[in-house]
Amino acid sequence: MARLTFDDLYHVSFKSLGAAADDWKEMVDQLDTLATDAKDGMVKQSEAARWAGLTADVTRPFVRKTGKEFRDAHTEAKAIWSMLRDAHTDLTEIQSDLKTAVDVDAKKSHIRVTGLDDGTVSCVAVGRQGDTDQETPTQAREREALESRINGLIAQADEIDNSVTRALKKIHGGDSHNFGHARYDSLDDAQAERAVELARLALEPGQAWDKKLTGAKLAELKQLLAGNRKDREFAVDFYRSLGPTDALRFQQYVALGAPEGCSKAQLELAHSIQVSMGETLATATHRPGGKDDPHTAFREDKDYLGKSWVTELKKVGKGPLPSDPWGRADTTGYQVLSTLLRHGKYDKEFLVPIAQDMVAFDRKNPNEWVWAEGPDGDTKFRLNLDKKGGPGWDPIPGLLEGLGHSPEASTEFFQGSTGGGKDDGLEKLRNLDYFLGDKDGKNHRWYATDATKDVLGGVGERADYGKEALGHALESATSGRAYDSAGPAKDHTLDQAELFSTVVKKVAANPDLFKGEGELAPIAGSLGNMSAEYMHDIQRVYAGGDDSDYIKSTGFAPDLSESEGLGVLNRYLETTAADPEAYASITQARQAVTTEMMREALTQRGDGDGLAQVASSAADPGGRIAGLTAAGRADAIAAADDSVGKIEEYNEKLADRDKWVGRFVDLGTSYVPVAGDILGWASEDIREATLEHVVKDPEEAARQIEENRDGYVNSERERTAQATKKAFYSAATDAGLDPTSTSVRRAATEVYQTSNKANSLESH
């Protein structure tokens, strides 16, 4: 088939295609009338006629066949209309997206788009006024992303063109004397049928699968999946037609067919199919709403993959897949499924039962994955084709990544448990305890990659990815957002807040487990993000409540209080701050919330409230937190083999992890009422205040910690107090106060002293 080019798609008018679809709709209606008349007229009369003999024996079947042909003609016309209708709708939308990319986004970024002979485009940066000729890394990424986006749209349109062509040929059938061949209600039907046809080619016995599913056909399948991964009708048809066994077998073949050392193009093609199959599965298993009732709009196994499909998936998941061309007959379905779960946001009604079953299977088969992911495992072949996340033989990291992108499912999963049933042979165990351990920090889930620590020497990516995935899942479970979401913070539910409370207590009870070389230290970065997420609630605890209403409500608050005082929360923050990434997240969020509280204190101040008093009250909680995290940071640097390198790591993370400033300020969430010029000063001042922690020379800081740890912590306390004082001046200016007045200057001094004192109390 001829390839659709950029120029074709950009310049063509689809009005005639739309008109053709309208004409065929009229034909469908007319043929429906003719078919009905034929059935109720001549066929009915022929069947009812009292006649016999040679003429009757010949004429009556002919009348029946003629009546059927009218109905077949209607069916064929309806299928043709469906193809033209959907093609017009989809191609018009793609053309609109293409013109936006070329005429708006490319021009805005000073990028020239040029069509190439092969139908794709090349994007080139053109002169930017005031810029040098040297393209920056950011500009290069922007240009490459736009080029990829435009070429993706062209490829999608080309696949639609080819799909419609194939479907029309099947509908016609090539027989001029017979109507009614392939029947399609939509373009999705035709594309799903083709995708299943291509996937089944790989599963046929005989020749090696990659000889049957050639590169061109594999690329065609890749485009079909990529273009329809969020289309419900396609997704359901594709997975329902393949069934759980063949769907997982095919994905296994694709993954194992891209071993280490294969070409970059082959690997990228296989990876794209894996990603799209995961996102397609998420679409296919998402309940659109309604009940599983044939009289409602949405029906199980019709509009999504329901209980019967999931039941079969569980059965396939726990057993070995049929032997593949590489002879790995012991690969289970859940190992392959986990590579798909990494991609897409899954409905909790699907993912939670699957997660429960996978964990129960994992508990019954401890150390099942050591042979593959241990030091003597098979590293040539991979099930997981992502650059990160390990080879995929251990299915639990993939499951946890899936939970990390599916917050509703993640929250429910960690609130739930496995075991305790009549026939499962397991004691009832809360899922959170399975992964984080009991009250003594023992019996947490052991990863196959833990066996590599002694061999590889220390903790590296190979040993950490499963635990990092656990951190991602906990982030989504406690926040209500995918862990890598760039969206604003959300109000917390009771279940989310309760989970965070439990995590805080577990970390505080066994701090050595979560820092330094502790077995669960790899989740510390996620603990920092969770702390930032709940920074309003943490500051409220250190404020002793919030009678003045300076701290914004963020939904349900976690229970972080205890009869002994603040010991649990203190230990938790100090432990978490031993990780540079966690420290950066906490510090950024603390400064953002402190700035917000300062502004609220000044704008809500009553006539009888002293300026210094309200400002100091707002500054005190942040100062306490800063003292704890400074102590945790100092101890981590002192304990490091390379203290200078550790300080540099803290500096880098502080510069890199300012997303919390944006999340609390730039996005204008309900937590921070951004108005007027507040956005400008808040963002700038918060970032500047936190980045002042980078200013110290690493070698000088390392020497100071070694010689006088308390002196170093005191200098950090001083920095925090100065930053808080600066935030007060900005807030006072925004509130309409004269920053040079005696009262404001006196209050600023009080803020500084309060922050310094609070810092000192918590850092010793």
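The coordinates are above.
The structure contained in this document is the topic of the report that follows. (Residues numbered from 1 in each chain as written. Predicted model: local features only at pLDDT ≥ 70, side-chain atom pairs only at ≥ 80, totals over all residues. Heavy atoms only, no water.)

## Topic: the overall build of the chain
Now for step 1: Each helix and strand counted, the chain has 30 helices and 4 strands in total.
Now for step 2: Residues classed as buried in the chain amount to 52% of the 764 residues present.
Now for step 3: Of all intrachain contacts in the chain linking residues separated by at least 6 positions in sequence, the fraction that spans at least 24 positions is 73%.
Now for step 4: Total accessible area on the chain is roughly 34,100 Å²; 49% of this is exposed by carbon and sulfur atoms. (Helix = DSSP H or I, 4+ residues; strand = E, 2+ residues; numbered from the N terminus. Buried < 20%, exposed > 50% of the residue type's maximum accessible area, 1.4 Å probe, protein only. Contact = heavy atoms within 4.5 Å. Areas by Shrake-Rupley, 256 points an atom, 1.4 Å probe, with all protein chains shown as cover.)

## Brief notes about the packing of aromatic side chains
Now for step 1: For the coordinates displayed, the defined rule picks out 14 aromatic pairs.
Now for step 2: Seen from their ring centres, Phe238 and Tyr239 are 5.2 Å apart, and the 85° between their planes marks the pair as edge-to-face.
Now for step 3: Residue class for Phe238 comes out buried when judged on its relative accessible area of 0%.
Now for step 4: Residue classification places Tyr239 among the buried positions, given a relative accessible area of 1%.
Now for step 5: Taking 5.1 Å as the distance between ring centres and 75° as the angle between the ring planes, the aromatic pair formed by Tyr434 and Phe435 counts as edge-to-face.
Now for step 6: With relative accessibility at 11%, the residue Tyr434 sits in the buried group.
Now for step 7: Each residue in the set Phe234, Phe238, Tyr239 and Trp309 is aromatic and connected to the rest through ring pairs, giving one cluster.
Now for step 8: A cation over an aromatic ring shows up here: Arg85 above the ring of Trp81, its NZ or CZ 4.6 Å from the ring centre.
Now for step 9: The ring of Tyr752 has Lys725 sitting right over it, with the charged end atom 6.0 Å from the ring centre. (Phe/Tyr/Trp six-rings, centres within 6.5 Å; stacked < 30°, edge-to-face > 60°. Lys NZ or Arg CZ within 6 Å of the ring centre and 35° of its normal.)

## Points about the pairing of strand E1 (residues 111-115)
Now for step 1: As judged from the 5 bridges shared by E1 and strand E2 (residues 121-125), these two strands associate in the antiparallel manner. When the bridges of E2 are listed, Thr114 appears paired with Ser122. (Pairing = 2+ DSSP bridges.)

## Some remarks on unusual backbone geometry
Now for step 1: Not every positive phi belongs to a glycine, and His110 is a case in point at roughly 60°.
Now for step 2: You can see His110 is positioned in the loop between helix H3 (54-108) and E1.

## Comments concerning a negative patch on the surface
Now for step 1: The grouping of Glu517, Asp641, Asp642, Glu648, Glu649, Glu652, Asp656 and Glu699 at the surface amounts to a negative patch.
Now for step 2: With 4 residues, helix H25 (residues 643-656) is the largest single contributor of residues to the negative patch.
Now for step 3: Here Glu649 lies in helix H25.
Now for step 4: Taking relative accessible area as the criterion, Glu649 reaches 31% and is therefore assigned partly exposed. (Patch = residues over 30% accessible without salt bridge, like charges linked within 9 Å, V, L, I, M, F, W, Y side chains within 5 Å. Salt bridge = Lys/Arg side-chain N within 4 Å of Asp/Glu carboxyl O. Lys, Arg positive; Asp, Glu negative; His and termini not counted. Charge placed at Lys NZ, Arg CZ, Asp CG, Glu CD.)

## Re the layout of surface pockets
Now for step 1: Roughly 1,400 Å³ of volume is contained in the largest pocket.
Now for step 2: What lines the largest pocket is a set of 43 residues, and nearest its centre among them are Ala521, Pro522, Asp579, Pro580 and Glu649.
Now for step 3: Put simply, the parts of the chain that give the lining of the largest pocket at least two residues each are helix H18 (461-479), helix H20 (524-533), helix H22 (567-576), helix H23 (580-603), helix H24 (611-639) and H25.
Now for step 4: Top element by residues in the lining of the largest pocket is H18. It accounts for 6 residues.
Now for step 5: In terms of residue class, the lining of the largest pocket is made up of 12 nonpolar, 9 polar and 22 charged. (1 Å grid on protein atoms, 1.4 Å probe; cavity = no way out; pocket = protein on both sides within 12 Å on 5 of 7 lines; lining within 4 Å. Points joined across faces, edges and corners; volume = space filled by probe spheres on them. Nonpolar A, V, L, I, M, F, W, Y, C, P; charged D, E, K, R; others polar.)

## Describing the nonpolar core
Now for step 1: Counting residues in hydrophobic clusters, the biggest one holds 123 residues, and the most contacted among them are Tyr239, Phe250, Leu400, Phe414, Phe435 and Phe728.
Now for step 2: Examining the composition of this core, we find that 13 residues originate from one element, helix H8 (residues 232-256), more than from any other.
Now for step 3: Not counting residues up to four positions away in its chain, the partners in contact with Phe435 are Val359, Ile396, Leu400, Phe413, Phe414, His444, Arg445, Tyr447, Leu470 and Leu520.
Now for step 4: Leu84, Leu98, Leu146 and Ile160 belong to the second-largest nonpolar core, a separate cluster that totals 37 residues. (Core = buried A, V, L, I, M, F, W, Y, C linked by side-chain atoms within 4.5 Å.)

## As for the environment of Asp189
Now for step 1: Position of Asp189 relative to the elements: it lies in helix H5 (residues 187-203).
Now for step 2: Judged by relative accessible area, Asp189 falls into the buried class, the value being 17%.
Now for step 3: Placed 45 residues apart in sequence, Asp189 and Phe234 show a C-alpha to C-alpha distance of 6.4 Å.
Now for step 4: Ignoring any residue separated from it by four or fewer positions in sequence, one finds Asp189 in contact with Tyr184, Glu233 and Asp237.

## Considerations on the pattern of salt bridges
Now for step 1: Counting across every chain of the model gives 23 salt bridges.
Now for step 2: A salt bridge links Asp105 to Arg149; the nearest nitrogen and oxygen atoms lie 2.8 Å apart. You can see Asp105 sitting in helix H3 and its partner Arg149 sitting in helix H4 (residues 137-172), a full 44 residues away along the chain.
Now for step 3: Exposure remark for Asp105: the relative accessible area of 25% places this residue in the partly exposed category.
Now for step 4: The partner of Arg445 in a salt bridge is Asp394, with the nearest N and O atoms 3.0 Å apart. In this pair, Arg445 sits in the loop between helix H16 (431-436) and helix H17 (453-456) while Asp394 sits in the loop between helix H13 (370-373) and helix H14 (395-404), placing the two residues 51 residues apart along the sequence. Note on accessibility: Arg445 and Asp394 belong to one class, buried.
Now for step 5: Bridged by salt links that share partners, the residues Glu159, Arg166, Arg194, Glu197 and Glu220 form one connected network.

## Overview of the environment of Asp347
Now for step 1: Mapped onto the elements of the fold, Asp347 is located in the loop between helix H11 (333-341) and helix H12 (348-364).
Now for step 2: Looking at Asp347, the relative accessible area reads 9%, which means it is buried.
Now for step 3: A polar contact is formed between the side chain of Asp347 and the backbone nitrogen of Arg287, at a distance of 3.0 Å. (Polar contact = N/O pair within 3.5 Å; in protein donor to acceptor, adjacent residues only side chain to side chain.)

## Focus on H11
The α-helix winds at 3.6 residues per turn, so residues separated by three or four positions along the chain end up facing the same way.
Now for step 1: Along H11, 9 of the 9 residues are buried, which leaves the element largely enclosed by surrounding structure.
Now for step 2: Every buried residue belonging to H11 is among Gly333, Tyr334, Gln335, Val336, Leu337, Ser338, Thr339, Leu340 and Leu341, and all of these are buried.
Now for step 3: Lining the buried residues of H11 we find H8, helix H9 (264-284), helix H10 (307-318), H12 and H14.

## Side note on the packing of H23 against helix H29 (residues 709-734)
Now for step 1: Relative to each other, H23 and H29 sit at 35°, their axes nearing to 9 Å. At the point where H23 passes H29, the crossing takes the right-handed sense. Mapping the contact onto sequence places Tyr583, Arg590, Gln591, Thr594, Thr595, Met598, Arg599 and Leu602 in H23 and Glu716, Thr720, Ala723, Thr724, Ala727, Phe728, Ala731, Ala732 and Asp734 in H29.
Now for step 2: Counted by class, the contact of H23 with H29 contains 8 nonpolar, 5 polar and 4 charged residues. (Axes fitted to C-alpha atoms, helices over the stretch in contact; angles between N-to-C directions. Left-handed = near helix turned anticlockwise from the far one by under 90°.)

## Re the packing of helix H21 (residues 535-542) against H23
Now for step 1: The N-to-C vectors of H21 and H23 enclose an angle of 65°; their axes lie 10 Å apart at closest approach. Classified by the angle between their axes, H21 and H23 sit roughly perpendicular to one another. Every pair of crossing elements has a handedness; the one defined by H21 and H23 is right-handed. Contact residues: H21 offers Met535, His536 and Gln539, while H23 offers Ile586, Ala589, Arg590, Val593, Thr594, Glu596 and Met597.
Now for step 2: Split by residue class, the contact of H21 with H23 holds 5 nonpolar, 3 polar and 2 charged. (Parallel < 35°, antiparallel > 145°, perpendicular 65-115°, else oblique.)

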